[in-house]
Amino acid sequence: MEYSRETYVRKLLESIGSGQIKIVTGIRRCGKSYLLGTLFKRQLLEGGVRPDHVIEIDLDGFRNRPLRDPNAFLDYVDSRVRDGEKHFLLVDEVQMLDSFSDVLNDLTRSCSLDVYVTGSNARLLSRDVATEFRGRGEEIPMRPLSFSEFMEQYEGDVRNGYAEYVTYGGLPPVTLREGDERKAAYLKSVLDETYIRDLVERYGIRNEGDLGDLVDVLSSNIGTLTNPTKIANTFKSEKHSTLSPRTVEQYIRHLEESFLFEKAVRYDVKGRRYIGANAKYYAIDLGLRNARLSFRQLEETHMLENVVYNELRGRGYTVDVGVVTSYRRNGAGKTERVNYEVDFVCNQGSQRYYIQSAFALPTPEKVKQEEASLVRIDDSFKKVIVTKDGLAPHYNEEGILMMNVFDFLLNPASLQF
């Protein structure tokens, strides 16, 4: 069995001949190597590229350790370029190559080479691609399987598939395993032995226990506003820890750089500015989050919110937490300021959507509560409420698009209804 990962294959194909170094980044085990070495390579060969014009180098492989030396790497690539026709260089785990950015920048001078690389290292984040590759790098961030990709191989109905997806996540090696126990065991093992261990070694973290406690806190509070000072105070009061806000902030940055969590910051919709230190953190893969908590905190409301967030990010939107300020008279007749929260303010180019995630809307009062922030936004961008269940996509009396999570997740154009 295999997953098509059509979105990422298409992005790679569209980038052919751009003159840029294509850099596929993302969390470990999300399928970067498979994307480059199997799916993309297959498309090249089917498109007429000769096999000897595809140069593959797996720098994680033991036998290729000598090629981690820049000079040996360049000599090998030069030996494989046979003529003036286009050659495709596919390099897996490029961060294992010494001085990799200088080496790859040197290769871009050759008109015969189109360069594609994968990497999981923090040095390959968006903010570093421009500087490391001096404007010659094009990042293609890759995420775990979306729900629609997950359902390509799932043998069952959509509701059971959703339940499994939000429990065990979208890492391909997990989804291809049979049985709940095997899935859970793999997630726990890879989280401790790969992700956490990688963080400790990469950043020289001396107190692994504090890092683990922070992962627990962020995992337990997905979708909850917090900040490093608040977390440090919690550590101090509950764990008698001396972890400072600055260290907490640094650890969180490391977790983001390793693609385990992402941050959504607060945005004043009417004031059109970012505000405050508080932010929300979401797990890039819910399976890893649940494994960290031993599958004990499976709150459907929070997991729905995380799934919606991940889907929006996978579709290429930037996602913020919206704040809408309004005024009302209190019981004493005085005017008071009230802040209403919009779960997600999503932007992509000229497109913007305001989205609420609501597990259920059992009563008119609950509907009004979820609509409260959206109806107070006075621009013309689309407002959406996504629920766990519900009718087919439709607009309510307030002009808000209502849809259930299955229609939202399975249709990449769902927001255009």
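None of the values given here were measured: they were computed from a predicted structure.

So, on to helix 11 (residues 228-239). Given a rise of 1.5 Å per residue, 12 residues ought to cover 16 Å, and the 15 Å separating the end C-alpha atoms of helix 11 matches this to within 8%. If you follow the buried residues of helix 11, they end up packed against helix 10 (208-220) and helix 12 (245-257). Looking at where helix 11 begins, the residue whose side-chain oxygen comes 3.0 Å from the main-chain nitrogen of Thr 229 is Asn 227. At the exit of helix 11 stands His 240, carrying a positive phi of roughly 55°.

Counted according to the given criterion, the structure contains 14 aromatic pairs. Seen in terms of ring centroids, Tyr 162 and Phe 406 are 5.6 Å apart; in terms of plane orientation they differ by 80°. Their pairing is edge-to-face. One end of the pair, Tyr 162, is in helix 7 (residues 158-168); the other, Phe 406, is in helix 16 (residues 405-410), with 244 residues separating them in the sequence. Accessibility assignment for this pair places Tyr 162 and Phe 406 in one class, buried. Aromatic pair Tyr 317 and Tyr 353: ring centres 5.9 Å apart, planes at 85°, arrangement edge-to-face. Of the two residues, Tyr 317 sits in the loop between helix 14 (300-314) and strand 8 (318-329) while Tyr 353 sits in strand 10 (residues 351-358), which places them 36 residues apart along the sequence. You'll find Tyr 317 and Tyr 353 in the same group, each marked buried. Linked through ring pairs, Phe 147, Phe 150, Tyr 154, Tyr 162, Tyr 165 and Phe 406 together constitute an aromatic cluster. The ring centre of Tyr 116 lies 4.6 Å from the NZ or CZ of Lys 22, which sits over that ring. For the cation-ring pair, Arg 376 lies above Tyr 340, with the distance from its terminal atom to the ring centre recorded as 4.3 Å.

The subject of this paragraph is the pattern of salt bridges. Pairing of side chains with opposite charge becomes possible as their charged atoms draw close. A full pass over the atoms with the stated rule returns 28 salt bridges. Arg 50 is the salt-bridge partner of Asp 83, the closest N and O atoms lying 3.4 Å from each other. Remark: Arg 50 occurs in the loop between helix 2 (32-46) and strand 2 (54-58) and Asp 83 occurs in the loop between helix 3 (70-80) and strand 3 (87-92); sequence separation between them is 33 residues. Among the residues examined, Asp 83 registers a relative accessible area of 28% and is labelled partly exposed. Asp 52 is the salt-bridge partner of Arg 82, the closest N and O atoms lying 3.9 Å from each other. Here Asp 52 lies in the loop between helix 2 and strand 2 and Arg 82 lies in the loop between helix 3 and strand 3, a separation of 30 residues in the sequence. On the basis of relative accessible area, Arg 82 is assigned to the exposed category, the value being 53%. When salt bridges with common partners are traced through the structure, they connect Arg 50, Asp 52, Arg 82, Asp 83 and Glu 85 into a single cluster.

A sheet is described by the order of its strands in space; here 5 strands give the open sequence 2-3-4-1-5, paired in parallel fashion. Of all strands in the sheet, those with a lone pairing partner are strand 2 and strand 5 (137-142), marking the two edges. Adjacent strand axes in the sheet meet at a mean angle of 15° when their direction is disregarded. Its contacts with the sheet place helix 1 (residues 6-14) against strand 1 (21-26), strand 4 (113-119) and strand 5, and it is angled at close to 170° to strand 5.

Ranked by size, the top nonpolar core spans 54 residues in total, and within it Leu 214, Leu 255 and Leu 288 carry the most contacts. Residue contributions to this core peak at 9 residues, all from helix 9 (residues 180-203). With near-sequence residues (within four places) excluded, Leu 255 lies in contact with Leu 199, Leu 211, Leu 214, Val 215, Leu 218, Leu 260 and Phe 261. One finds Leu 312, Val 319, Val 405 and Phe 408 within the second-largest nonpolar core, a separate group that totals 32 residues.

This paragraph deals with the sheet that holds strand 11 (residues 382-387). Sheet architecture is open: 8 strands sit in the order 7-6-8-9-10-11-13-12, paired in mixed fashion. Edge strands, defined here as strands with exactly one partner in the open sheet, are strand 7 (273-283) and strand 12 (394-395). One ladder, built from 11 bridges, connects strand 8 with strand 9 (residues 335-348); its direction is antiparallel. Opposite Arg 328, over in strand 9, you have Glu 336 as the bridge partner.

For strand 3, a buried count of 6 out of 6 residues is recorded, marking the element as mostly surrounded by other parts of the structure. Note that strand 2 and strand 3 share 5 bridges and pair parallel. By the bridge assignment for strand 3, Glu 56 is matched with Leu 90. As a crossover connection, the stretch from strand 2 through helix 3 into strand 3 is right-handed. With respect to chirality, the unit in which strand 3 leads through helix 4 (residues 100-107) into the neighbouring parallel strand 4 is right-handed.

A word on the side chain of Glu 371. As for its position among the elements, Glu 371 is in helix 15 (residues 364-371). In this structure, Glu 371 is buried with no salt-bridge partner, the nearest side chain bearing the opposite charge being Lys 368 at 4.1 Å. Those residues in contact with Glu 371 that sit more than four places away from it in its chain are Ile 385, Asn 396, Glu 398 and Ile 400.

Basis of the calculations
Residues numbered from 1 in each chain as written. Predicted model: local features only at pLDDT ≥ 70, side-chain atom pairs only at ≥ 80, totals over all residues. Heavy atoms only, no water. Helix = DSSP H or I, 4+ residues; strand = E, 2+ residues; numbered from the N terminus. Expected span 1.5 Å × (residues − 1). Contact = heavy atoms within 4.5 Å. Polar contact = N/O pair within 3.5 Å; in protein donor to acceptor, adjacent residues only side chain to side chain. Phe/Tyr/Trp six-rings, centres within 6.5 Å; stacked < 30°, edge-to-face > 60°. Buried < 20%, exposed > 50% of the residue type's maximum accessible area, 1.4 Å probe, protein only. Lys NZ or Arg CZ within 6 Å of the ring centre and 35° of its normal. Salt bridge = Lys/Arg side-chain N within 4 Å of Asp/Glu carboxyl O. Pairing = 2+ DSSP bridges. Axes fitted to C-alpha atoms, helices over the stretch in contact; angles between N-to-C directions. Core = buried A, V, L, I, M, F, W, Y, C linked by side-chain atoms within 4.5 Å. Right-handed = clockwise from strand over helix to strand, strands pointing away. Lys, Arg positive; Asp, Glu negative; His and termini not counted.

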